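Next come the chains, spelled out residue by residue.
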Amino acid sequence: MVKVKASELRKKDQDQLKKQVEDLKTELSTLKVAKVAGGAPAKLAKIKVVRKSIATALTVIHEKKLTQVRLDSKGKKYQPLDVRGKRTRAIRRRLTKKQENKLVLRVLKRKQNFPQRRFAVAK
């Protein structure tokens with residue numbers, strides 16, 4: 001089994017990817033059995049390649065799923081949590097600009113009734 005490339009996997013559809021993951025998992029289980037039985041060193045070195053290939057395939061499946069969810073939720077008011085921007089916890093909990101600029105009714109009336117005075121400055 002040669003190392004699988006993510007670029008090749010992205011061309012495949014969902015069913016083919018799932019089938020490939022299943023094939024890789026069965027191959028991994030046979031390699032693990034060979035390891036316990038004292039198999040050849042070439043088979044033992046192959047275990048790492050197969051594990052990484054499984055991870056790559058699962059990553060591509062997840063990427064495709066997320067892009068589909070992004071397309072589905074585009075233009076809607078709310079987005080799923082795993083599609084939203086992560087940023088930092090503090091930034092996510094910060095007030096929005098609209099909330100920051102909002103004034104209490106008492107302060108709003110005071111600003112309207114007593115606006116900032118303009119003075120003519122002589123040079």
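Calculation criteria
- Residues numbered from 1 in each chain as written.
- Predicted model: local features only at pLDDT ≥ 70, side-chain atom pairs only at ≥ 80, totals over all residues.
- Heavy atoms only, no water.
- Helix = DSSP H or I, 4+ residues; strand = E, 2+ residues; numbered from the N terminus.
- Rg over C-alpha atoms; globule rule 2.2 N^0.38 Å.
- Core = buried A, V, L, I, M, F, W, Y, C linked by side-chain atoms within 4.5 Å.
- Buried < 20%, exposed > 50% of the residue type's maximum accessible area, 1.4 Å probe, protein only.
- Contact = heavy atoms within 4.5 Å.
- Salt bridge = Lys/Arg side-chain N within 4 Å of Asp/Glu carboxyl O.

On to the overall build of the chain, then. Per the secondary structure count, the chain includes six helices and zero strands. Reading the secondary structure of the chain in the N-to-C direction produces α-α-α-α-α-α. Relative to the globule expectation of 14 Å for 123 residues, the C-alpha radius of gyration of the chain, 29 Å, shows a markedly less compact shape. Across its three principal directions, the C-alpha atoms of the chain cover 95 × 30 × 30 Å.

The next subject is the nonpolar core. Formed by Val-4, Leu-9, Leu-17, Val-21, Ala-57, Val-60 and Ile-61, the largest nonpolar core amounts to seven residues. Elements represented by at least two residues in this core include exactly helix 2 (14-36) and helix 3 (41-73). Sort the elements by how many residues they give to this core and helix 3 lands first, with three residues. In this structure Leu-17 touches Leu-9, Lys-12, Val-60, Ile-61 and Lys-64, once residues within four positions along its chain are discounted. Leu-24, Leu-31, Val-50 and Ile-54 belong to the second largest nonpolar core, which has six residues in total.

So, about the pattern of salt bridges. A complete count under the given rule lists four salt bridges for this structure. A salt bridge links Arg-10 to Glu-63; its shortest N-O distance comes to 3.1 Å. Of this pair, Arg-10 sits in helix 1 (residues 6-10) while Glu-63 sits in helix 3; the two residues are 53 residues apart in sequence, bridging distant segments of the chain. Among the residues examined, Glu-63 registers a relative accessible area of 32% and is labelled partly exposed. Glu-100 is the salt-bridge partner of Lys-97, the closest N and O atoms lying 4.0 Å from each other. Here Lys-97 pairs with Glu-100, and both are found in helix 5 (residues 97-101), just three residues apart, close to one helical turn. For Lys-97, a relative accessible area of 62% corresponds to the exposed category.

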